[in-house]
Amino acid sequence: MPEGYTPERLEEALYAFNLETNLPVKKRRPDWPLEFRIRMTELSREPGACVAELARQHGINDNLVFNWRNLHRQGLLDPASRATLIPVTVEPLSPLPRQTGAVSADLPPVISCRLTLPGGSLSLTGPLTPELLRALVSALREGEA
């Protein structure tokens, strides 16, 4: 038995399952950085480049390089096309004017959302459900395309 191996570790290495749960161990695929994928694509497009040889030199499968080339061709490896964050500011609501009479504790809180973009701004006040916000984000994404 190799030095440092316990019988449990050896069994786990040989049979690739978790001894406690008795379930197969899922091996994670490497998450190659975007810059690496773009560089491999560029190198594979150079005159006289051999994709299989390039892949071997970098320890990856040549099918990955072909897949990345297709993604690059579709513009999906372009850093500019990647999702970006937009600035969001959270501001406290101004207090509502007091109305005469007792305020019911059963009233839901007033929720407000203001989205400011270069083309204008959008304000939503009232019951903002996750479905409504998903629809809003979806509509904004369609407008980008």
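Below you will find a few notes about this structure. (Residues numbered from 1 in each chain as written. Predicted model: local features only at pLDDT ≥ 70, side-chain atom pairs only at ≥ 80, totals over all residues. Heavy atoms only, no water.)

### Some words on the nonpolar core
The tendency in soluble globular proteins is for nonpolar side chains to be buried as a group. To keep it simple, the criterion reads: Nonpolar cores were defined as sets of buried Ala, Val, Leu, Ile, Met, Phe, Trp, Tyr and Cys residues, with membership established by side-chain atoms within 4.5 Å. Each residue's exposure class comes from its accessible area (1.4 Å probe, protein chains only) as a fraction of the maximum for that residue type: buried when under 20%, exposed when over 50%, partly exposed otherwise. Numbering of helices and strands starts at the N terminus; helices are DSSP runs of H or I of at least 4 residues and strands are runs of E of at least 2. Here, two residues are considered to be in contact whenever any of their heavy atoms come within 4.5 Å of each other.
Of all hydrophobic cores here, the largest spans 11 residues; its members are Leu34, Ile38, Met40, Leu43, Val51, Leu54, Ala55, Ile60, Val65, Trp68 and Leu77. For this core, the element with the most residues is helix α2 (residues 34–44), which contributes four residues. For Ala55, the residues in contact, after removing those within four places along its chain, are Ile60, Asn61, Asp62 and Val65.

### A short note on the side chain of Thr41
Secondary-structure assignment places Thr41 in helix α2. Apart from residues lying up to four places away in sequence, Thr41 is in contact with Trp68, Arg69, His72 and Leu77.

### Focus: the packing of aromatic side chains
Counted only if it meets this: Between 30 and 60 degrees the pair is tilted, below 30 it is stacked and above 60 it is edge-to-face, where a pair is any two Phe, Tyr or Trp rings, Trp via its six-membered ring, whose centres lie within 6.5 Å.
Following the criterion strictly, the structure yields two aromatic pairs and no others. With a centroid separation of 5.9 Å and an interplanar angle of 80 degrees, the aromatic rings of Phe36 and Trp68 are classed as edge-to-face. Here the residue Phe36 occupies a position in helix α2, and Trp68 occupies one in helix α4 (residues 62–73), the gap between them amounting to 32 residues. For Trp68, a relative accessible area of 4% translates into the label buried. Through a chain of ring-to-ring contacts, the aromatic side chains of Trp32, Phe36 and Trp68 assemble into a single cluster.

### Regarding the pattern of salt bridges
For the record, the criterion: For salt bridges, the criterion is a side-chain nitrogen of Lys or Arg within 4 Å of an Asp or Glu carboxyl oxygen.
As enumerated under the stated definition, the model contains one salt bridge in all. For Glu42, the salt bridge goes to Arg39, with nearest N and O atoms at 3.9 Å. Separated by three residues within a single helix, Glu42 and Arg39 lie in helix α2, roughly one turn from each other. With a relative accessible area of 42%, Arg39 lands in the partly exposed category.

### Observations regarding the side chain of Arg69
Operational definition: As used throughout, the charge tally considers Lys and Arg to be positive and Asp and Glu to be negative, leaving His and the chain termini uncounted.
Structurally, the position occupied by Arg69 is in helix α4. Notably, Arg69 is buried but unbridged: the nearest opposite-charge side chain belongs to Asp62, and the N-O separation is 11 Å. With sequence-adjacent residues up to four places away left out, Arg69 is seen in contact with Thr41, Ser44, Arg45 and Val51.

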